[in-house]
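Fold and geometry: a report
Given next are the chains, with one letter for each unit.
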Amino acid sequence: MSDTGGGHRASANALRDAFDVLHPGKIEVDIVDIYTDYGPFFPYNAYVECYKIMAEYSFLWKIFFEFGETPFGLWLNEFLLELCCFDPFKECLARPSCSTTKRADMVVSVHPLCQDLPLKILSYLDSNGQTRATTARTTPFATVVTDLGGAHPTWFNPGVDKCFVPSDALYQKARDRKITPEQIIQYGLPIRKGFWSDPSTASSPSSTTATTAAAASSNNNPGFFERLFGGGGGGAKQTSQKSSSSPTVAKVNAKDALRAELGLKPSIPTVLVVGGGDGMGGIIEQAKSLGSKLNADGTSSSSEEASYQMVVICGKNEKAQSTLSSQEWGSGVSVEIKGFVNNMDEYMRASDAIVTKAGPGTIAEASICGLPCMLSSFLPGQEEGNVPYVEDSGFGTYSGDPKVIADKVSTWLASPDLMQEMKANALKAARPSATLDIAKDLAEMVFEHKKKQV
């Protein structure tokens, strides 16, 4: 993988956690930012810094992304990577993995630039240096795509054993890149543990290691854990609600209890505003505009207390946190400003709607929590496709204008029926068991490989 955006490492960590749940002590995971740790020189060893610059100046990212999609751009990237990075990346893939004295039993890529070259290196290693042809590879290799509604072509290499995709749109992109239906598995995005459905543990006699290298089912088919627990988009949480004589009341009480734990006010509409772990996305102006609108809506009511609540998660954007913390918000809205948090699942479940950049992980997590999504920005290219994904699924929309964002969210909160409809649509799109389903299949692949070696 590579830490170009928080989603790649978050996905790798999620899969590692899923292995620990499904096969405790059986699978060791070595998560490697192969470009930062093994890139020989600029720009390969500076991808993270370059990404941050291009994400801030999105026109640069658009140029880079669109050139890289062209046949010449794809060929040039492949040629230069093999020319410059084959030996240093070979050092990474050939070294002892985790606590073992041998290289990894399996390689999993969660980054678009970690297919072609790792596949060639594994072929070289598996053939004792005889060839780089992918037909010589015996070490299992899988791609877990961490984009959602759009993705760069480099994600999809027909030489992989399995390619896990989260959506119909990316299933088709994989097919367009000549990956066969037998290679493609569609569950959803790997997401953080706090958003999973209830796990079912399993065991295996094998002990193995897996490296997450940085780099055919339909969306309508239930995953392993959804079949096991009989749940749909809402996962096991729906099952637990059936035992309550009044599910709606139980949900409200649980949300208010969670708000109390987080130091938030109960029983008032709550909007979560997030800028991602890196704090990108124009969060200051969005929060100011929304806070002003909610204050105006709140002060027009007969209540003497705040009628609305806004929670702003600034991530690592210290400037945004400082600026918004010093803001006067008014009596109609209660506002909480936070920096980086490790309990985003709790804040999402305590909220009624979310304003966020169109990052795939946040959208997937929000859908699991049944949150209507007001998308506020996107990176040209892969995140652009997330906008129609949300809009077509019926649980949100997009605007880059802070005033439009504020007005739209205000309209949502004023219409309980619309909010309930969007919540239902979000839950329908949710895939809470995806991480565990993916990890189960990956574990089966590596265990089968180990059996063949015996």
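This text gives an overview of the structure that appears in the document.

Rules used throughout
Residues numbered from 1 in each chain as written. Predicted model: local features only at pLDDT ≥ 70, side-chain atom pairs only at ≥ 80, totals over all residues. Heavy atoms only, no water. Core = buried A, V, L, I, M, F, W, Y, C linked by side-chain atoms within 4.5 Å. Buried < 20%, exposed > 50% of the residue type's maximum accessible area, 1.4 Å probe, protein only. Helix = DSSP H or I, 4+ residues; strand = E, 2+ residues; numbered from the N terminus. Axes fitted to C-alpha atoms, helices over the stretch in contact; angles between N-to-C directions. Parallel < 35°, antiparallel > 145°, perpendicular 65-115°, else oblique. Left-handed = near helix turned anticlockwise from the far one by under 90°. Contact = heavy atoms within 4.5 Å. Nonpolar A, V, L, I, M, F, W, Y, C, P; charged D, E, K, R; others polar. Salt bridge = Lys/Arg side-chain N within 4 Å of Asp/Glu carboxyl O. Pairing = 2+ DSSP bridges. Right-handed = clockwise from strand over helix to strand, strands pointing away. Expected span 1.5 Å × (residues − 1). Phe/Tyr/Trp six-rings, centres within 6.5 Å; stacked < 30°, edge-to-face > 60°. Lys NZ or Arg CZ within 6 Å of the ring centre and 35° of its normal. Patch = residues over 30% accessible without salt bridge, like charges linked within 9 Å, V, L, I, M, F, W, Y side chains within 5 Å. Areas by Shrake-Rupley, 256 points an atom, 1.4 Å probe, with all protein chains shown as cover. Polar contact = N/O pair within 3.5 Å; in protein donor to acceptor, adjacent residues only side chain to side chain.

Within the largest apolar cluster, 61 residues are counted, with the highest numbers of intra-cluster contacts made by Leu-272, Met-348 and Leu-442. Residue contributions to this core peak at nine residues, all from helix H18 (residues 434-453). If you look at the next biggest cluster of nonpolar residues, it comprises 33 residues, including Val-107, Cys-114, Leu-119 and Ile-179.

On to the packing of helix H5 (residues 71-94) against helix H6 (residues 116-126), then. One can describe the packing of H5 onto H6 by two numbers: an axis separation of 9 Å at closest approach and a directional angle of 55 degrees. What the angle tells us is that H5 and H6 run oblique. In terms of crossing hand, the pair formed by H5 and H6 is right-handed. Note on element contacts: H6 touches H5 through Asp-116, Leu-117, Pro-118, Lys-120, Ile-121, Leu-122, Tyr-124 and Leu-125, opposite Glu-78, Leu-81, Glu-82, Cys-85, Phe-86, Phe-89, Lys-90, Leu-93 and Ala-94. Of the residues that constitute the contact of H5 with H6, the class distribution is 12 nonpolar, no polar and five charged.

Under the criterion given, the structure shown has 21 salt bridges. For the salt bridge of Lys-102 with Asp-105, the shortest nitrogen-to-oxygen distance reads 2.9 Å. Residue classification places Lys-102 among the partly exposed positions, given a relative accessible area of 35%. Relative accessible area serves as the criterion here: at 5%, Asp-105 is assigned to the buried category. Overlapping salt bridges bring together Glu-78, Glu-82, Asp-116, Lys-120 and Arg-132 as one network.

Pairing analysis gives three bridges linking strand S3 (residues 141-144) to strand S4 (residues 162-165), with the strands arranged parallel. Note on S4: the bridge partner recorded for Val-144 is Phe-164. Strand direction decides the pairing type here: S4 and strand S5 (residues 184-186), joined by three bridges, are parallel. Within the sheet, the bridge partner assigned to Cys-163 lies in S5 and is Ile-184. In this view, the connection linking S4 to its parallel neighbour S5 by way of helix H7 (residues 168-176) has right-handed handedness.

This paragraph deals with the sheet that holds strand S8 (residues 308-313). Taken in spatial order, the six strands make up an open sheet running S9-S8-S7-S10-S11-S12, and their pairing is parallel. For this open sheet the edge positions go to strand S9 (333-338) and strand S12 (396-398), each flanked by a neighbour on one side alone. Within the sheet, the average angular offset between the axes of one strand and its neighbour, ignoring direction, is 15 degrees. Against the sheet, helix H14 (residues 360-368) touches strand S7 (270-274), strand S10 (353-356) and strand S11 (373-375), its axis set at about 175 degrees to S10.

With that settled, consider helix H11 (residues 283-299). Across its 17 residues, H11 extends 24 Å between first and last C-alpha, which sits within 8% of the 24 Å expected from 1.5 Å per residue. The set of residues buried in H11 consists of Ile-283, Ile-284, Gln-286, Ala-287, Ser-289, Leu-290, Gly-291, Leu-294, Asn-295, Asp-297 and Gly-298. Looking at the buried side of H11, the elements it contacts are S7, S8, helix H12 (318-325), S9, S10 and helix H16 (402-413).

Before going further, it helps to examine the packing of aromatic side chains. By the definition in use, this model includes 12 aromatic pairs. Between Phe-67 and Phe-72, the aromatic rings sit 6.0 Å apart at their centres with planes inclined by 70 degrees, giving edge-to-face as the arrangement. An aromatic cluster is present here, built from Tyr-35, Phe-41, Tyr-44, Tyr-47 and Phe-89 joined pairwise through their rings. Lying over the aromatic face of Phe-86, Arg-132 brings its terminal NZ or CZ to 3.5 Å of the ring centre.

A surface patch of nonpolar side chains, amounting to about 620 Å² of accessible area, comprises Phe-67, Phe-72, Trp-75, Phe-79, Leu-80 and Leu-83. At five residues, H5 tops the list of elements feeding residues into the nonpolar patch. As for its position among the elements, Phe-72 is in helix H5.

Of note, Lys-120 is situated in helix H6. In this structure the side chain of Lys-120 is engaged in a polar contact, spanning 3.2 Å, whose partner is the side chain of Glu-78. Not counting chain neighbours up to four residues away, the residues in contact with Lys-120 comprise Glu-78, Glu-82, Phe-86 and Arg-132.

Such coordinate-based values are descriptive only and should not be taken to indicate function.
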